Amino acid sequence: MYGIADLDNCYVSCERVFRPDLKGVPVVVLSNNDGCVVARSNEAKAMGVKEGTPYFQLEQQFPNNKIAVFSSNYELYGELTGRVVSIIRSETPAYFRYSIDECFMYLDGIELDQLQQWGERLHKRVKREVGMPISIGLAPTKTLAKIASKLAKKFEAYRHCCMIDTDYKREKALEWCPIEDVWGIGRRYAARLQALGCKTALDFAKLHESWVQVTFNNINIVRTWRELNGIDAVPNEQLAKKKSICTSRSFNGMVSDINGLKTHVANYAARCAEKLRQQNTVATIVGVFLNTNHFREDLAQYWNYQETRLLTPSASTIAITKAASDVLEQIYRPGYMYKKAGVIVMGICPDSPIQQDLFDTNAEQFQKMKRLDEVIDRINRLHGSETVVLGSQQYTKPNGKGKADVFANAIKHDFRSKNPTTRWSDIIKLK
């Protein structure tokens, strides 16, 4: 049996841990630069707040409602969800963290007739020790477990744990689940299936496997069909490592000079490198894209993307940042007002062994960079994100005194909460 633990309204739940006064209050969390709504409490959903609603429209659409608004605080979310994962680690025979708010669990060591009670106990422990609600789905396949977790989240009668262990329960769950909500069915395939008359997951599961193979000619779609029919088909290694990593963000305002763009790109490249090291991988290709604001039709428009190949695969912040900066110089064109940039690393492979370039005589330098990254990662874990950064990651602006003030972060976050578990300056003070 597989299980999946899914935190309910993760970002909102994290904000409520240190704000019990927000229980029962509509809460929303905004995207980077306080752009639009990316997370909503159940109360906000009941009011009609839609995901993706621009922040400036909230007051216009809900003038008589008090909504608690927060900027994204990934340092807080990462630390609190890490606590949840540590509990899951202690309770399960084996697990895999799939995203910031989801963990797959492998439950072969637990008796089938004990799984329901085990899941309910896990929910209670996470709620008691971390203060966050969690929903648990149990099933013979990963895809069915995902559907079970949605049922556990939606219906209180499941007591936060839903188990699909019979064909009857499986068919009832699939009948309830819209095809567009099935894990592994993207928007394009969902529209195609709906056009063919498959409105629910059960409609899709009842199709013949050979017809699915011929019609879609896609191994992932076939695997999803098998999973919905109770056949374990998604290999564990398919979930284990990301094949590409992208970090991108719209700017707070628009940027025209290349130095400002280099600072943004350096931050995105550093984040990609950090993600590579977290999964013990390296990248062989670094790409950068750049575009203007397509909503501003009064301005000249430009978009470009280019990539470069690293001679030696790397997860070094310095190496990837330098490569991204070099690519940016190639695609940058003066005279445009840029709104967004991003860095993509591809050609990802394990960090050991690494095939170095035949003509690279600087193997010692490669090891030095690796040790440097390990030290920086450790410092940032202990003292807070971005405690140590590259000089190229720091934003500067004139202070009117002939000098420049330096900032580590130029992202707009007017409503960001404190980080009482990771920063001494934000520690809670009791009266």
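A brief structural summary. (Residues numbered from 1 in each chain as written. Predicted model: local features only at pLDDT ≥ 70, side-chain atom pairs only at ≥ 80, totals over all residues. Heavy atoms only, no water.)

1. Some thoughts on the overall build of the protein
Each helix and strand in the protein was counted, giving 15 helices and 15 strands. A compact globule built from 431 residues should have a C-alpha radius of gyration of about 22 Å, and the protein, at 24 Å, falls within 12% of that. In the protein, 66% of the contacts between residues at least 6 apart in sequence involve partners at least 24 apart. About 23400 Å² of surface is accessible on the protein, with carbon and sulfur atoms providing 51% of the total. Where the 59 positive side-chain charges of the protein centre and where its 48 negative ones centre are 4 Å apart. (Helix = DSSP H or I, 4+ residues; strand = E, 2+ residues; numbered from the N terminus. Rg over C-alpha atoms; globule rule 2.2 N^0.38 Å. Contact = heavy atoms within 4.5 Å. Areas by Shrake-Rupley, 256 points an atom, 1.4 Å probe, with all protein chains shown as cover. Lys, Arg positive; Asp, Glu negative; His and termini not counted. Charge placed at Lys NZ, Arg CZ, Asp CG, Glu CD.)

2. Description of the nonpolar core
In terms of nonpolar packing, the biggest core is built from 36 residues, with Leu174, Ile185, Phe204 and Leu228 touching the most fellow members. Looking at this core, the element that brings in the most residues is helix H6 (residues 142-154), giving six residues. Setting aside residues up to four positions removed in sequence, Leu174 forms contacts with Leu144, Ile147, Thr200, Ala201, Leu202, Ala205 and Leu228. (Core = buried A, V, L, I, M, F, W, Y, C linked by side-chain atoms within 4.5 Å. Buried < 20%, exposed > 50% of the residue type's maximum accessible area, 1.4 Å probe, protein only.)

3. Here's the deal with the packing of aromatic side chains
Under the defined criterion, the tally for this structure stands at 16 aromatic pairs. Aromatic side chains Tyr11 and Tyr77 sit 4.5 Å apart centroid to centroid with 15 degrees between the ring planes, which places their arrangement in the stacked category. In this pair, Tyr11 is assigned in helix H1 (residues 10-17) and Tyr77 in helix H4 (residues 74-91), connecting sequence segments 66 residues apart. A relative accessible area of 18% means that Tyr11 is categorised as buried. Lying across the ring of Tyr189, Arg188 places its NZ or CZ 4.8 Å from the centre. (Phe/Tyr/Trp six-rings, centres within 6.5 Å; stacked < 30°, edge-to-face > 60°. Lys NZ or Arg CZ within 6 Å of the ring centre and 35° of its normal.)

4. Some details on a nonpolar patch on the surface
Taken together, the side chains of Phe18, Ile428 and Leu430 define a hydrophobic patch exposed on the protein surface, amounting to about 330 Å² of accessible area. On the secondary structure map, Leu430 appears in the segment after strand E15 (404-407). (Patch = residues over 30% accessible without salt bridge, like charges linked within 9 Å, V, L, I, M, F, W, Y side chains within 5 Å. Salt bridge = Lys/Arg side-chain N within 4 Å of Asp/Glu carboxyl O.)

5. With respect to unusual backbone geometry
Although it is not a glycine, Asn217 adopts a positive phi angle of roughly 50 degrees. A relative accessible area of 70% means that Asn217 is categorised as exposed. The phi angle at Asn280 is positive, at roughly 55 degrees, despite the residue not being glycine. Relative accessible area serves as the criterion here: at 46%, Asn280 is assigned to the partly exposed category.

6. Some words on the pattern of salt bridges
One pass over the structure, following the stated rule, counts 21 salt bridges. With a shortest N-O distance of 2.4 Å, Lys262 and Glu329 are connected by a salt bridge. Highlighted residues: Lys262 in helix H13 (residues 258-278) and Glu329 in helix H14 (residues 317-331), separated in sequence by 67 residues. For Lys262, a relative accessible area of 24% puts it in the partly exposed group. Given the relative accessible area of 43%, Glu329 is considered partly exposed. For Glu274, the salt bridge goes to Arg271, with nearest N and O atoms at 3.2 Å. On the criterion of helical spacing, the pair formed by Glu274 and Arg271 is a turn pair, its members being three residues apart in helix H13. What makes Arg271 partly exposed here is its relative accessible area of 33%. Residues joined by salt bridges that share partners form a network here, namely Glu91, Arg125, Arg128 and Glu129.

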